[in-house]
Amino acid sequence: MNNSKNILNYMFGKGAINNLDSILDKKKSKNAYVIYYIDEYFENNELINRLPMKENDELFFVETKDEPKTEFINSFRDILVQKSKNRPKAIVAIGGGATLDTGKAVANLLTNQGNAEDYQGWDLVKNPAIYKIGIPTVSGTGAEASRTCVMTNSKSGLKLGMNSDFTIYDQLILDSSLTKTVPREQYFYTGMDTYIHCIESLNGRYRNAIGDAFSHQAIALCREVFFSDNMMSEENREKLMVASYLGGCAIANSFVGVVHPFSAGLSVILEIHHCIGNCITMNAMEEFYPKEYQEFFEMAEKQGIKIPKGIASNLDDETYVKLYNSTVIHEKPLINALGDTFKEILTLEKVTAIFKRI
Ligand code: NAD
Ligand code: ZN
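These lines cover the structure that appears in this document, whether it is placed above or below. Residues take numbers from 1 onward in each chain, read along the sequence in its written order. Following the order in which they are written, the chains are lettered starting with A and the ligands numbered starting with 1. With pLDDT at 70 or above as the cut-off, local features in this predicted model cover only qualifying residues; side-chain atom pairs require 80 or more to be listed or tallied, and sums for whole chains, interfaces and linings still use all residues. Side-chain figures throughout are based on the complete set of non-hydrogen atoms in the structure, without hydrogens or water.

### Concerning the state of the cysteines
The condition is simple: Cysteine sulfurs are considered disulfide-paired once they come within 2.5 Å of each other.
Taken as a whole and judged by the stated rule, the model has zero disulfides. Between C275, a cysteine without a disulfide, and C279, which holds the nearest cysteine sulfur, the sulfur-to-sulfur distance is 7.4 Å.

Written out as structure tokens, the structure reads:
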């Protein structure tokens with residue numbers, strides 16, 4: 001039975017980031033410095049000047065062209081070890097899912113021996129991580145609330161996080177003023193990650209009342225946001241931030257379904273990013289989620305967002321085999337969605353046909 005852990009402290013509200021200084025001040029530790037991981041979008045942004053950065057702190061900008069790879073995480077750790085700065089009092093991550101996951105992974109690695117790839121899996125992290133604060137700047141992945149940090153091992157192709165209670169942020173600052181500048185398409189794609197997590201979870205076999213309650217509420221908020229006239233109004237950005245947080249809690253209590261494994265295939269083989277990959281996958285999901293398929297495209301139409309189509313329609317046989325393998329490897333969600341015999345449904349021919357429709 002799950003013994004679920006949630007975020008212990010979160011501060012919610014417009015301008016909440018201005019409290020970072022006092023939160024860090026209250027954290028007592030013999031190490032005085034702080035390490036910041038910040039989404040590269042903010043490199044020349046006035047936000048940097050508002051941060052309570054001190055002389056000994058370290059600041060790294062996180063590139064988002066590629067999603068986190070285990071070697072990036074190892075190299076961030078190596079830089080800190082070389083500078084003898086591997087024991088900060090806190091790690092602060094400010095950005096989207098990629099940056100939030102980077103902060104989580106480095107915080108685990110600084111207190112555990114070995115490399116990031118050694119901890120891809122469930123409950124492999126042995127020692128508590130460095131104290132960490134997560135500050136999302138785009139809403140939807142739920143990375144701020146979840147117990148994983150997704151990374152790809154480019155050598156093995158394995159895309160899997162460090163699923164552990166130690167991966168969960170100690171403190172969140174949920175400040176919707178930070179999401180104002182997200183491009184509209186990105187806002188929709190990432191926001192939809194929470195909708196998709198939750199519809200997959202509610203259609204699964206392994207359900208429980210808590211996971212369901214988080215999912216229902218997150219979906220209700222997504223509907224309010226994406227059926228409204230301005231999905232990026234101040235009020236809607238606040239609602240989506242809450243939906244993302246609740247979606248992250250939902251996933252900690254349940255599993256995803258068919259969409260995420262196909263999207264993971266697109267990511268590993270064609271390097272399509274997670275959230276847009278989910279939306280593209282929805283093109284071929286009518287047979288699995290008929291009502292939600294319809295609702296998803298109604299929301300996209302209402303917001304004038306075009307979902308790309310046809311990116312996997314014309315590939316060679318070898319690539320379809322690779323896509324098949326990197327999809328069906330995700331047994332937990334596929335069993336949740338289709339049962340133990342999911343491979344009888346998702347044959348190579350069937351999976352290829354689905355990718356062609358994507
Ligand atoms: P992201 O972190 O990849 O960022 C997307 C883009 O938005 C980037 O170009 C970034 O620079 C930009 N951006 C971020 N904030 C901005 C702002 N305020 N203004 C302007 N631009 C901004 O995006 P994402 O969709 O949040 O995250 C995807 C990542 O999250 C993937 O790596 C995925 O694997 C991971 N993920 C993790 C979990 C989890 O539970 N840990 C769950 C789902 C997805
Ligand atoms: Zn997702």
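Following the structure, the description resumes.
### Regarding the packing of aromatic side chains
Spelled out, the test is: The aromatic pairing rule takes the rings of Phe, Tyr and Trp, using the six-membered ring of Trp, and pairs them if the centres are within 6.5 Å, calling planes under 30 degrees apart stacked, those over 60 edge-to-face and the rest tilted. Numbering of helices and strands starts at the N terminus; helices are DSSP runs of H or I of at least 4 residues and strands are runs of E of at least 2. Classification of residues uses two cut-offs on accessible area relative to the type maximum, computed with a 1.4 Å probe and protein chains only: under 20% is buried, over 50% is exposed, and between them is partly exposed. Any Lys NZ or Arg CZ found within 6 Å of a ring centre and within 35 degrees of that ring's normal is scored as a charge over the ring.
According to the stated counting rule, one finds twelve aromatic pairs in the structure shown. Between F188 and F226, the aromatic rings sit 5.2 Å apart at their centres with planes inclined by 75°, giving edge-to-face as the arrangement. Here F188, found in helix α5 (residues 184-202), pairs with F226, found in helix α6 (residues 209-226); they are 38 residues apart in sequence, far enough to count as distant. Using a relative accessible area of 0% as the deciding quantity, one classes F226 as buried. Relative to F297, the ring of F296 has its centre 4.9 Å away and its plane inclined at 85°; by these criteria the two rings are edge-to-face. Through successive ring pairs, a cluster of aromatic residues spans Y187, F188, F226, Y293, F296 and F297. When the ring centre of Y33 is taken as reference, the NZ or CZ atom of K85 above it lies at 5.2 Å. For the cation-ring pair, K132 lies above Y169, with the distance from its terminal atom to the ring centre recorded as 5.9 Å.

### Here's the deal with the sheet that holds strand β4 (residues 90-95)
The line we're drawing: At least two bridges found by DSSP between two strands is the condition for calling them paired. Only the stretch in contact is used when fitting a helix axis, every axis being a line fitted to C-alpha atoms; angles between N-to-C directions are given from 0 to 180 degrees.
Pairing is parallel in the open sheet, where six strands are placed in the order β1-β9-β6-β4-β2-β3. Strands with a single pairing partner mark the edges of an open sheet, and in this sheet they are β1 (9-12) and β3 (58-62). Direction aside, neighbouring strands of the sheet carry axes that sit 15° apart on average. Where β1 and strand β9 (residues 171-174) come together, four bridges link them in parallel fashion. Considered in β9, the bridge of N9 is made with Q171.

### Here we look at the coordination of the zinc ion (ligand 2)
Definition in use: Because water is not among the atoms used, a metal site may look incomplete, as its donors are only the N, O and S atoms within 2.8 Å, or 3.2 Å for Na, K and Ca.
Within the first shell, the zinc ion (ligand 2) binds the protein through D193 (OD), D193 (OD), H197 (NE2), H260 (NE2) and H274 (NE2), at distances of 2.1 to 2.7 Å. Look at where the donors of the zinc ion (ligand 2) fall in the sequence and you get D-x3-H-x62-H-x13-H. Here D193 is found in helix α5, whereas its partner H274 is found in helix α9 (residues 274-281), with 81 residues between them in sequence. Looking at D193, the relative accessible area reads 1%, which means it is buried.

### Let's talk about unusual backbone geometry
Here S84, not a glycine, exhibits a phi torsion of approximately 55°, which is positive. Here S84 is to be found in the loop between α3 (70-82) and β4. Classification of S84 as exposed rests on a relative accessible area of 57%. Its identity as a non-glycine residue notwithstanding, D123 has a phi of 55°, on the positive side. Position of D123 relative to the elements: it lies in the loop between β5 (121-122) and β6 (132-136).

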